[in-house]
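Observations on the three-dimensional arrangement
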Amino acid sequence: PLPIGAKSFYGQVVCTSGACAQTQAIYGDIDDDEANGVLLCTLTLTATTADYDACPVITANFAYYYVTTTGTSGTAATGAVYAMY
């Protein structure tokens, strides 16, 4: 759960060498089952060794948020999403 009010989500993908990529879909939901949420933002990250992006400001307030990732590639690629408010 996040505080009520305006918020954004900041995503990153980092890899040790070469090109790395990841798609991060951020959802809001009324329960914690990580299914059937409302898609709030999709970040498509791709670059050499690292990429970063943020969603537009979101004012909707959900009880829960979750992220699904797809298309992860790159040497030792890792991704993260942070809530900013």
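Everything numeric in this text was worked out from a predicted model, so none of it was measured.

A count of helical and extended segments in the protein chain gives zero helices and four strands. If you list the helices and strands of the protein chain from N to C, you get β-β-β-β. Across its three principal directions, the C-alpha atoms of the protein chain cover 40 × 25 × 15 Å. Going through the 85 residues of the protein chain one by one, you find that 29% of them count as buried.

Using the criterion set out here, one finds five aromatic pairs in the structure. Taking the centre distance of 6.3 Å and the plane angle of 40° together, the rings of Tyr-10 and Tyr-82 count as tilted. Here Tyr-82 lies in strand S4 (residues 78–84) and Tyr-10 lies in strand S1 (residues 8–29), a separation of 72 residues in the sequence. The partly exposed category is assigned to Tyr-82, whose relative accessible area is 42%. Every member of this aromatic cluster is reached through a ring pair, and the members are Phe-9, Phe-62 and Tyr-65.

Structurally, the position occupied by Thr-72 is in strand S3 (residues 64–75). The spatial distance from the C-alpha of Thr-72 to the C-alpha of Val-13 is 8.6 Å, given a sequence separation of 59 residues. Look past the residues within four positions of Thr-72 in its chain and what remains in contact with it is Ala-21, Gln-22 and Ala-77. Here Gln-22 takes part through its side chain, which lies 2.7 Å from a polar atom of the side chain of Thr-72.

A word on the state of the cysteines. Per the counting criterion, the structure on display carries one disulfide. Between the sulfur atoms of Cys-41 and its disulfide partner Cys-55 the distance amounts to 2.2 Å. Here Cys-41 and Cys-55 share a disulfide; its torsion about the S-S bond, -100°, makes the bridge left-handed. Taken together, the residues Cys-41 in strand S2 (residues 38–54) and Cys-55 in the loop between S2 and S3 connect sequence positions 14 residues apart.

Now for a negative patch on the surface. On the surface, a cluster of negative charge is made up of Asp-31, Asp-32, Asp-33 and Glu-34. Mapped onto the secondary structure, Asp-32 falls in the loop between S1 and S2.

Parameters at a glance
- Residues numbered from 1 in each chain as written.
- Predicted model: local features only at pLDDT ≥ 70, side-chain atom pairs only at ≥ 80, totals over all residues.
- Heavy atoms only, no water.
- Helix = DSSP H or I, 4+ residues; strand = E, 2+ residues; numbered from the N terminus.
- Buried < 20%, exposed > 50% of the residue type's maximum accessible area, 1.4 Å probe, protein only.
- Phe/Tyr/Trp six-rings, centres within 6.5 Å; stacked < 30°, edge-to-face > 60°.
- Contact = heavy atoms within 4.5 Å.
- Polar contact = N/O pair within 3.5 Å; in protein donor to acceptor, adjacent residues only side chain to side chain.
- Disulfide = S-S within 2.5 Å.
- Patch = residues over 30% accessible without salt bridge, like charges linked within 9 Å, V, L, I, M, F, W, Y side chains within 5 Å.
- Areas by Shrake-Rupley, 256 points an atom, 1.4 Å probe, with all protein chains shown as cover.
- Salt bridge = Lys/Arg side-chain N within 4 Å of Asp/Glu carboxyl O.
- Lys, Arg positive; Asp, Glu negative; His and termini not counted.
- Charge placed at Lys NZ, Arg CZ, Asp CG, Glu CD.

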